[in-house]
Amino acid sequence: MKNGLAIDIGGTFTDVVLQWSNRIHAVKVLTSQDDPSVAVLQGISRVLDESEALPEDIGIVLHGTTLATNALIERRGAKTALLTTSGHRDILEMALENRFEQYDINIERPVSLVPRELRLPITERMNSHGSPLIPLDMESVDAAIDDIAERNIESVAVGLLHSYVNNSHEKAIQTRVHERLGDIPVSLSSDVCPEIREYERLSTTCANAYVLPLMSTYLARLSQRLEEREFRCPYLMMTSGGGLTTFETARRYPIRLVESGPAGGAILAEQLARELDANRVLSFDMGGTTAKICLVDDGQTLLSRSFEVDRVYRFKKGSGLPVRIPVIEMVEIGAGGGSIARVDKLGRIQIGPESAGSQPGPACYGLGGLEPTVTDADCFLGRLDAERFAGGNLSLQVNAAESAIRSQISGPLRLDTNESALGMAEIVDENMAAAARSHAAEWGKSLEGRMMVAFGGAAPLHAARLMEKLDLACVLIPEHAGVGSAIGFLGAPISYEVVRSRHMSLAVYDQQLVDEVISAMREEASGVVSGATHQHDFTERGSAFMRYVGQGHEVSVTFDPSSVDEQELLDSFEKTYTSLYGRTIPNAEIEVISWTLNVSTNRDDEIVSSFDSKVSNGGEIRQQELLDSTGVSLVPLQNRDDLSVGEVFAGPRLVTERHTTTVVPGGFQIRRLDSGHLLMERHTNA
Amino acid sequence: MPRFGAIQRQLVWDRLLAIVEDQAQTLMRTAFSPVVREAGDLSAGVFNTRGQMLAQAITGTPGHVNAMAKSVGNFLKEYPIESMRPGDVLLTNDPWLATGHLNDFTVVTPTFVEDRVVALFASTSHIADVGGRGFGPDATEVFEEGLWVPITRLFERGKLNETLMRLIHSNVRDPVVAEGDLYSLTACNDAGSQKLLATMKEFQLTDFDAIGDEILSASRKAMEDEISALPNGTYRYSMNVDGYDDPVHVECSVSIKESSIDIDFEGTSSISRYGINVPLPYAEAYASFGARCLIGNDVPNNAGSLSTINVTAPSGSILNAEPPSPVSARHALGQMLPDVVIGCLSEIMPDRVPCEGSSCIWNPVLMSDSGASPNFNAPNFVINPIFNGGTGARPSRDGLSTTAFPSGVRTTSTEVNEITSPLVFLRREFREDSGGAGEFRGGLGQVLEIRHANGAPFVVSKMFDRVRHPARGRDGGSDGATGRVYVKDGQELAAKGKEIVPAGATLVMETPGGGGRGSPKERGRELVQKDLETGMISVDAARATYGFPSTENNPA
């Protein structure tokens, strides 16, 4: 976006990126934990100084943050009460009544965001058709409100059974709470997540209520500070679904802000896919703690509605709190530079999900870390510029890496250090490859022929081996890979998605009902989008969650909201089902459970590169020892900015930049494109 | 990377584990039977050509997996490897050759490289109805329990066995579900086969014999190392459970040897007249699962690790029932076996064992009383939701409330249950004071109140336990509360069998709690305070059982 200022707050760093007079200016500052807006303003000042732009020059401020996610994980949210149907107040804690790990008797579920004594029963009951079986008893509402007042509750969630089909009881409760307690925030399950399945709906609603006061205060303070600094432009927030929304909407539905950073990375991959006309892309984002893999087909990521925050058990599915919000579908595993390696009792190397983080950090940082991490393996293998790591801020200690690997890996496995370090790299690469394969299989996609886009500090170090494992031919390492998410914000559309559960069998298809549902969703979604833009020309994307009658899992089927009819839904369902599961089922009845509509502005696809096409003079080329499966060899190491455009450089070699290094093994070649991106390919004749 | 034997073995091994997990996910997402798709009542695994399981999916239930692990050998006896052709798919629901009752169908598919079998994929799922009397314990012979399909071909060289499919179609109450699930089992094995072939290509493997043997021997060795660290000897434990009409006594001995474990059920009650009998493979499955929760629980489950545990039960005992004994509800007793095995092991690892828990899932079959329905303008329906009681207190942790153990299933949503039936679930919440008191408290059960929206009578088929015999506490901890089934303001119902809930009445189910550990007086006062505030225990229990508040501290 023209003259856009993008801010991405992560756990460790806050990235600020300004697009100004055809250049990208990027700075990284340490996140200020107590008041995150301090670091934001610090970053803004630096980027304005560097670019010589003024606040009034800025056309738009775009913001993404992990604050909501961290508040959930660290349980730092508001004291929240849940008003729920009497007789059902334990929905949140009973969860799915299962164990996510079969053989471990000591597992614990994540602690409920709302403890039992704050789950207050309301006498009322809707049936599954939305007719009241028991009318709403206002005395029980008043009793709950007394409790709320007495216990200094800061945020209220309301979640009643079957409210997704009739929300009148929830609305009446909201009105009463406001009458009696003024403007205490109230999150209704019929607003936040109007979908069938009470556990997931209530979990989402409580998570929203839990982070709402914190996010609301933060966003109010940030807008005030921006206004004080004379930023007169609109401010928008990045959501987990990959679209932008207003601060006002973000303050009402802050749960939609979780995972906004990774969503920005995925949007960057979308932009690059379009820029390079790559129909099928695999986005690979590897940082300090986790790796995220995401598929982009025809310039679009996959969207879904299921996500878990706070997975308490090795990132395992089912061990977190479910939230049902629009999210860009990606797989995240505990594989990053800081992931710790150990040998299990079967003599197998296990990597992560425990991470050494930034304190004490990998052994080679020399800050007291003794356990070998992926970064230690990379360091020992000669993949990093030990002298000038992190832009020269840190000098890596190869000896410390070696002794950590030797004591923890080589000893138990009786391998030499070389084999151990190569083994560590091989296992982490295999873990990521396995995650990619399984993710693709789950979504009925193939990986064959995809272009990889690699960003995040650790990705370019591991991209080549991952390409081999997934049998991909090329990888793109974009400019400013280190601040990829913030760059992604600049190209994101303004969008909003809403959902309705309306059960309908195709055998008794009712066009009028479908039209009503769509137009109600359109009104809500386009109302939100209109509040953030002067554009009037919106794109709409409809999805129906459909299945064969008798099945329990729905598949997401896209349709055109302006022309949808029975035939389109049927065709689209059979096509999707076949691509997922190989065949359709003859003579089985089909039904729709829920509907979603996504309304967005058209994309601003103009990517402005900061790349200064001054011809490079080659710069300094040093030689470094690199260890790979063929042995040790002396390879050239040079700065990314010193590669002249278009020239092909054969591996093995290392290409370094401020926040990462690209490893180009033998059998691979690399060149710098006009856009400044690096393209690494496997030799076709190798 | 042929240079690194150990690393390459690990890569292939990890790949096999990922492949069977995908196989299970495919099965779950495409299944029709609600207990498979919603609750995960299934299993999936890959086998070598000798019928030894190399890897199993973690998704699924232990009772299935270990029984299925044995079943592939039975398939090979009937159809030796040499007789198989590409496109063949084998099937059975034989309770004694596969996983213990007629509802479970096991499908085995050979994976071919050209005309040579390199591996076999097997998967099992619970099909909601197989004809006969329907899912429940009331039959007196297996022949009443539904259609019995011997080991046979479902597909021969890619061509569907239409006679078999038609036979199944006309013998079950919901043929769409049964047929759909057989396709779904076939499809998940195919998905596994394809990924296996891709893996072989990538690693340039021509077979799995050598690497499979390495996986099995590494797993066996890891188990042997664990076992050899335990004190040799024979350890005993016994438990009484409700049974159908008369209580069942389970007597167990666990003998730890140098590098293997023998589990024997000599002294256990003889077979029941009703369908709560357990075929031996199913007893083996849950007994060995109980041992594996404590011994080598991080060693992957496969033929190598399983081979270190031998399970026996005398012929004619309720844990080694032979045809034509009825076995439909064999899970009710089978799921108790881990508690018994863990009880034996408590003697040598007192600090690692959990207490007894609710253990048997509470999965009522709720259906219309078809005779009476028309008078109430009520549709016919059947649902089979799953609910759980509490697990036993763990070493230094409370038990988990309303959580399945040892079963791996999940519960179903109240809103979904109400959409798929005319029932209303008026109440579903924790059952106060049901967790056995102790320094570490047993998990709580739950209370359910269910009625028909139109006031029609309805049928409930029950396969519950711990209604008369509670989950016992340890080391001074109290027993968990027993379960209860009754009509509100009316009669008490039995734990097992089919009964009618009268017109206008409300069915109440109270699931059992887990046993507690250690003296309740030793429980941290802040924990008692919290249990009191959250209503997990009553004021009376706090005072009488936990001695809270203690009188010295509160002279007022």
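Draft legend 1. Expanded view of the overall build of chain A. In terms of helices and strands, chain A carries 16 helices and 35 strands. Taken over the C-alpha trace, chain A has a radius of gyration of 26 Å; the compact-globule value for 686 residues is 26 Å, and the two agree within 12%. When the backbone C-alpha atoms are referred to their principal axes, chain A occupies close to 80 × 60 × 55 Å. Partitioning the intrachain contacts of chain A with sequence separation of at least 6 by distance along the chain shows that 66% fall at a separation of at least 24.

Draft legend 2. Spatial organisation of unusual backbone geometry. The residue after A:Gly651, namely A:Pro652, is reached through a cis peptide bond having omega 0°. Cis geometry marks the peptide bond from B:Pro323 to B:Pro324, where omega comes out at 5°. Even without being a glycine, A:Ala95 presents a positive backbone phi close to 50°. Of the residues examined, A:Ala95 has 22 C-beta atoms within 10 Å and is grouped as buried.

Draft legend 3. Focus on the sheet that holds strand β7 (residues 159-160) of chain B. Residue and element names in this part refer to chain B. Ordered in space as β2-β1-β5-β4-β3-β6-β7, the seven strands form an open sheet in which the pairing is antiparallel. What marks the edges here is a single partner per strand, and that holds for β2 (53-56) and β7. Note that strand β6 (residues 152-156) and β7 share two bridges and pair antiparallel. Residue Glu156 lies in a different strand from β7, and its bridge partner there is Lys159.

Draft legend 4. Representation of the pairing of strand β24 (residues 474-477) of chain A. All names here are of chain A. In the sheet, strand β23 (residues 451-455) pairs with β24 via three bridges, with the strands oriented parallel. Looking at β24, one finds that Val453 is bridged to Leu476. In this region the chain leaves β23, passes through helix α13 (residues 459-470) and returns to the parallel neighbour β24; the handedness of that crossover is right-handed. In terms of strand pairing, β24 meets strand β35 (residues 678-682) through four bridges, oriented antiparallel. The partner of Ile477 across the bridge, within β35, is Leu678.

Draft legend 5. Seen up close, the environment of B:Ser305. Residue and element names in this part refer to chain B. Turning to its location among the elements, Ser305 is positioned in helix α8 (residues 303-306). C-alpha separation for the pair Ser305 and Asp242, spaced 63 residues apart in sequence, amounts to 33 Å. The residues touching Ser305, leaving out its near neighbours within four places in the chain, are Ser219, Arg220, Met223, Gly296, Val299 and Pro300.

Draft legend 6. Examining the domain arrangement of chain A more closely. Residues and elements named next belong to chain A. Annotation of chain A at the domain level lists domain 1 (1-57), domain 2 (73-215), domain 3 (262-335 + 428-490), domain 4 (339-427) and domain 5 (496-601). Computed from C-alpha atoms alone, the centre-to-centre distance between domain 2 and domain 3 is 34 Å. At the interface, twelve residues of domain 2 touch 13 residues of domain 3. Among the elements that line the side of domain 2 that touches domain 3, the one with the most residues is helix α7 (residues 198-228), at five residues.

Draft legend 7. Structural context of the sheet that holds strand β9 (residues 155-159) of chain A. Residue and element names in this part refer to chain A. Taken together, the four strands give an open sheet; going across it, the order is β6-β5-β9-β10, and neighbouring strands pair in parallel fashion. Both outer strands of the open sheet, β6 (119-122) and β10 (186-188), are each paired with one neighbouring strand and no more. Neighbour to neighbour, the strand axes of the sheet diverge by 20° on average, direction disregarded. Judged from the four bridges that link them, strand β5 (residues 80-85) and β6 form a sheet pairing that is parallel. Within the sheet, the bridge partner assigned to Leu83 lies in β6 and is Leu120.

Draft legend 8. Quick look at the interface of chain A and chain B. Each partner contributes to the interface: chain A provides 53 residues, whereas chain B provides 59 residues. For the side of chain A that touches chain B, the secondary-structure elements that each account for two or more residues are α7 and α12 (417-442) of chain A. For the side of chain A that touches chain B, the element with the most residues is α12(A), which contributes ten residues. Here the side of chain A that touches chain B is built from residues that sort into 18 nonpolar, 18 polar and 17 charged.

Draft legend 9. Layout of helix α5 (residues 168-181) of chain A. All names here are of chain A. Here α5 contains 14 residues, and its C-alpha end-to-end distance of 20 Å stays within 8% of the 20 Å for a straight helix at 1.5 Å per residue. Residues His169, Glu170, Ile173 and Val177 constitute the buried set of α5. Along the axis of α5, the buried residues cluster in a sector spanning 100°; they form a single face. Exposed side chains of α5 directed beyond 90 degrees from the buried face belong to Thr175 and Glu179.

Calculation rules
Once a new chain begins, its residue numbering starts again from 1 and follows that chain's sequence as written. Working convention: letters from A go to chains and numbers from 1 go to ligands, in the order in which they are written. Given that this is a predicted model, residues contribute local features only at a pLDDT of at least 70 and side-chain atom pairs are listed and counted only at 80 or more, while totals for whole chains, interfaces and linings are drawn from all residues. The helix count covers DSSP runs of H or I at least four residues long, the strand count covers runs of E at least two residues long, and both are numbered beginning at the N terminus. Using C-alpha atoms as the atom set, the radius of gyration is obtained and then compared with a globule rule of 2.2 Å times the number of residues to the power 0.38. Two residues qualify as being in contact provided that their C-beta atoms, derived from the backbone, are within 7 Å of each other. Here exposure depends only on C-beta density: within 10 Å of a residue's C-beta, 20 or more other C-beta atoms make it buried, 12 or fewer make it exposed, and intermediate numbers make it partly exposed, the C-beta atoms being placed from the backbone. Pairing between strands is defined by DSSP: at least two bridges between the two strands are required. The handedness of a crossover follows from its direction of travel: if, with the strands pointing away from the viewer, the path from the first strand over the helix to the second runs clockwise, the crossover is right-handed. Boundaries between domains were set according to an automatic or database domain assignment. Every axis corresponds to a line fitted to the C-alpha atoms, with the helix fit spanning only the stretch in contact, and the corresponding angles, defined between N-to-C directions, vary from 0 to 180 degrees. Side-chain classes are defined by residue name, with Ala, Val, Leu, Ile, Met, Phe, Trp, Tyr, Cys and Pro counting as nonpolar, Asp, Glu, Lys and Arg as charged, and the others, Gly among them, as polar. The length a helix should cover is 1.5 Å for every residue beyond the first. The directions from the helix axis to the C-beta atoms form the arc being described.

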